[in-house]
Amino acid sequence: MNNEQEFLSGIADAEESEVQVRIAESADASTLCGVVENAGDFAKNMRDKVVDPRTPSIACRTKCDHCCYQSVSITAPEALRIADYLTQRKSKLVQRFIYKLNTLNSKIEEKTPEQRGTLNLPCAFLEKGKCQIYKVRPLLCQKHTSLNLKECIAAKPKGFPPGSITEEKAQHVTYTAVLSGYRSGLQKSLPTSFHGNYELTKAILVALETEDAATLWISGQDVFKGCEIKLA
């Protein structure tokens, strides 16, 4: 195993251990939110430690939203964290987002990522080019970067297939390692819970509309049944 592989394996192991320690102390909704937040912070910190200063600047800019028209895979804790963030805001605002999520879901449900891309429909949380849940956005959204705007424009109607854009390496590998450890930690800490790759729109909608969704999910109920991203 080379140095890079050892480093990334160490990151994954550290994240897995952190998730297990936190959930062992208290398996509740607050802990799940903290686990997701910590994963994002850890990935960013590791990325900052290894980024090559000679790396070209990323092409991503404010209101550059080409990647916000795609299917996004999230975990149950991420959906629960976003729902919690929304419910702490004004009730009218929450209802507006529930309406937008329902409207979008009716158009993209059962669509593959490739089919979703051809619809040219923005994420329900994208408004005037800005993400309305940026502080709690999914880990995959945090991971995403591009070094080439033209590649994003070309990949957008195709659903951003793997390899279609050139990502900043340090961010790509560190976030990938953290995500691996995060998911493994969740599965080992909560073996009776369901751990799927859920589509952002429907999963957050379910989390918002299901009373005590976090408690139910932790106890082993398949709260997000039917929310899985459809594969080709």
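The structure contained in this document is the topic of the report that follows. (Residues numbered from 1 in each chain as written. Predicted model: local features only at pLDDT ≥ 70, side-chain atom pairs only at ≥ 80, totals over all residues. Heavy atoms only, no water.)

### Overview of the packing of aromatic side chains
For any pair of aromatic rings, the description consists of the separation of the ring centres together with the inter-plane angle of the planes. Our working definition: Ring geometry is summarised as follows: Phe, Tyr and Trp rings, the Trp one being its six-membered ring, pair when their centres sit within 6.5 Å, and such pairs are stacked at plane angles under 30 degrees, edge-to-face over 60 and tilted between the two. A ring has a charge above it when a Lys NZ or an Arg CZ is no more than 6 Å from the ring centre and no more than 35 degrees off the ring normal.
Under the counting rule described, the total for this entry stands at two aromatic pairs. Lying across the ring of Tyr134, Arg137 places its NZ or CZ 3.8 Å from the centre. When the ring centre of Tyr69 is taken as origin, the NZ or CZ atom of Lys156, which lies over that ring, is 3.8 Å away.

### Let's talk about the pattern of salt bridges
Note the cut-off: A carboxyl oxygen of Asp or Glu within 4 Å of a side-chain nitrogen of Lys or Arg is what we treat as a salt bridge. Strands are runs of DSSP state E lasting at least two residues, helices are runs of H or I lasting at least four, and both sets are numbered from the N terminus onward. For each residue, the accessible area found with a 1.4 Å probe, counting protein chains only, is set against the maximum for its type, and the residue is called buried under 20%, exposed over 50%, and partly exposed in between.
A full pass over the atoms with the stated rule returns 11 salt bridges. A salt bridge links Arg96 to Glu127; the nearest nitrogen and oxygen atoms lie 2.5 Å apart. With a gap of 31 residues between them, Arg96 in helix H4 (residues 91–108) and Glu127 in strand E2 (residues 126–127) connect regions that are remote in the sequence. Since its relative accessible area comes to 36%, Arg96 is described here as partly exposed. For Lys202, the salt bridge goes to Glu109, with nearest N and O atoms at 2.4 Å. Remark: Glu109 occurs in the loop between H4 and helix H5 (113–118) and Lys202 occurs in helix H9 (residues 200–209); sequence separation between them is 93 residues. Overall, the relative accessible area of 32% leaves Glu109 in the partly exposed class. Connected through salt bridges with shared partners, the residues Lys44, Arg47, Asp48 and Glu168 form a single ionic network.

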